[in-house]
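Structural features, examined
If you want the building blocks of each chain, they are given just below.
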Amino acid sequence: MRPLYTPEQRVRRDSSKWTLVQGLLAPVQFLIFGVSLYLVLDYLNNGRNHDWAVWSVVIKTIALYTIMITGAIWEKVVFGQYLFHDSFFWEDVFSMLVIVLHSLYVFGLFTGIADDGVLFATALAAYFAYVINAGQFVWKLRQARLSAPVAKPAVYAATDTVGAAETLVAQAA
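Conventions we followed
- Once a new chain begins, its residue numbering starts again from 1 and follows that chain's sequence as written.
- For this predicted model, a pLDDT threshold of at least 70 governs which residues receive local features, and a threshold of 80 or more governs which side-chain atom pairs are given and counted, while totals over whole chains, interfaces and linings are taken from all residues.
- Side-chain measures were taken over the full set of non-hydrogen atoms in the model, leaving aside hydrogen atoms and water.
- Put simply, DSSP H or I for four residues or longer makes a helix, DSSP E for two residues or longer makes a strand, and each gets a number counted from the N terminus.
- Only protein chains enter the area calculation, which uses a 1.4 Å probe; residues under 20% of their type maximum are buried, those over 50% are exposed, and those in between are partly exposed.
- Whether two residues are in contact is decided by their heavy atoms, any of which lying within 4.5 Å being enough.
- To measure how exposed things are, a 1.4 Å probe is used in the Shrake-Rupley method; for residues, cover is taken only from the protein chains shown.
- A helix's residues, less one, multiplied by 1.5 Å, set its expected span.
- Any pair of nitrogen or oxygen atoms within 3.5 Å is treated as a polar contact; in protein, a donor-acceptor pairing is required on top of that, and neighbouring residues in sequence qualify only through side-chain atoms on both sides.
- Salt bridge criterion: a side-chain nitrogen from Lys or Arg within 4 Å of a carboxyl oxygen from Asp or Glu.
- The pLDDT value tells you how sure the predictor is about a given residue, anywhere from 0 up to 100.
- Definitions used throughout: a 1 Å grid over protein atoms alone; a cavity as a set of points that fits a 1.4 Å probe which cannot get out; a pocket as an open set with protein on both sides within 12 Å along at least five of seven lines; a lining residue as one with an atom within 4 Å of a point.
- Grid points are joined across faces, edges and corners, and a volume is the space filled by probe spheres set on the points.
- In this classification, Asp, Glu, Lys and Arg are treated as charged, Ala, Val, Leu, Ile, Met, Phe, Trp, Tyr, Cys and Pro as nonpolar, and every other residue, Gly included, as polar.

1. Topic: the overall build of the protein chain
When helices and strands are tallied, the protein chain shows six helices and zero strands. Reading the protein chain from its N terminus to its C terminus gives the helix and strand order α-α-α-α-α-α. Looking at the protein chain residue by residue over its 173 residues, the buried ones come to 34%. Residue pairs at least 24 apart in sequence account for 71% of intrachain contacts in the protein chain once pairs closer than 6 positions are excluded. Surface exposure of the protein chain reaches about 10,700 Å², of which carbon and sulfur atoms provide 71%.

2. Section: helix H5 (residues 116-147)
Taking 1.5 Å per residue, 32 residues should reach 46 Å; H5 reaches 46 Å between its end C-alpha atoms and fits that length. By the N-cap criterion, in which a side-chain oxygen at the helix start approaches the backbone nitrogen of a residue two or three places on, H5 is capped by Asp115, the distance to Gly117 being 3.1 Å.

3. Thoughts on the pattern of salt bridges
Per the stated rule, a full pass over the model turns up three salt bridges. The residue Arg48 makes a salt bridge to Asp42 at a minimum N-O spacing of 2.5 Å. Relative accessible area serves as the criterion here: at 43%, Arg48 is assigned to the partly exposed category. Residue Glu91 is joined to Lys140 by a salt bridge in which the shortest nitrogen-to-oxygen separation is 3.4 Å. With a gap of 49 residues between them, Glu91 in helix H4 (residues 89-111) and Lys140 in helix H5 connect regions that are remote in the sequence. On the basis of relative accessible area, Lys140 is assigned to the buried category, the value being 13%.

4. Quick notes on the environment of His85
Structurally, His85 is set in the loop between helix H3 (50-79) and H4. Assessed through its relative accessible area of 12%, His85 is described here as buried. In sequence terms His85 and Glu75 are 10 residues apart; their C-alpha atoms lie 7.7 Å from each other. The residues contacting His85, other than those within four sequence positions of it, are Arg2, Gln9, Glu75, Phe79 and Asp92.

5. A word on the confidence of the model for the protein chain
Confidence along the protein chain averages 85 in pLDDT terms, with 84% of residues attaining 70 or more. Confidence drops under a pLDDT of 50 for residues 156-173, and excluding neighbours within four residues, the segment shows one contact in the predicted structure.

6. Some points on the layout of surface pockets
Space inside the largest pocket adds up to approximately 890 Å³. Around the largest pocket sit 33 residues that line it, and Gln22, Gly23, Ala26, Ile67 and Phe137 are the ones nearest its centre. A total of nine residues in the lining of the largest pocket trace back to one element, the largest contributor, which is H5. Grouping the constituent residues of the lining of the largest pocket by class yields 19 nonpolar, seven polar and seven charged.

Here it is, written out as structure tokens:
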């Protein structure tokens, strides 16, 4: 199994501002998802807060588009292409399904061609796909952590520095 990142890609990933952006947007999007899911399920079960439920899915879709655009930029910075790099190919493929489902919801809402039943069924399908996709990315984050080079403990680093200094002194003498 090949590593998720080459050493050069890891450096680009760690030094990119887009890594921080993704790290901030992902939990924000998940929070929006959680609130929206609650509102949608509450409406479907109790008939309450229809407008809140409808618009929460639109807000979730905006958050999704934001993280997808910034994620494509991140992928370009790290891997040299906007989407579908080997390291994240299947995550990107599934992300397209998530985008399509969210977009269908918004299209149905704004064109009026879908009733509430179809809209909320589409939203729930989009949310189900989103949970799977989020799981894919969490799995990749775990793989990245497990495949990261092991840092030397501070004791060894200090010893190496002392050893390097002794070598330089010996060479100078």
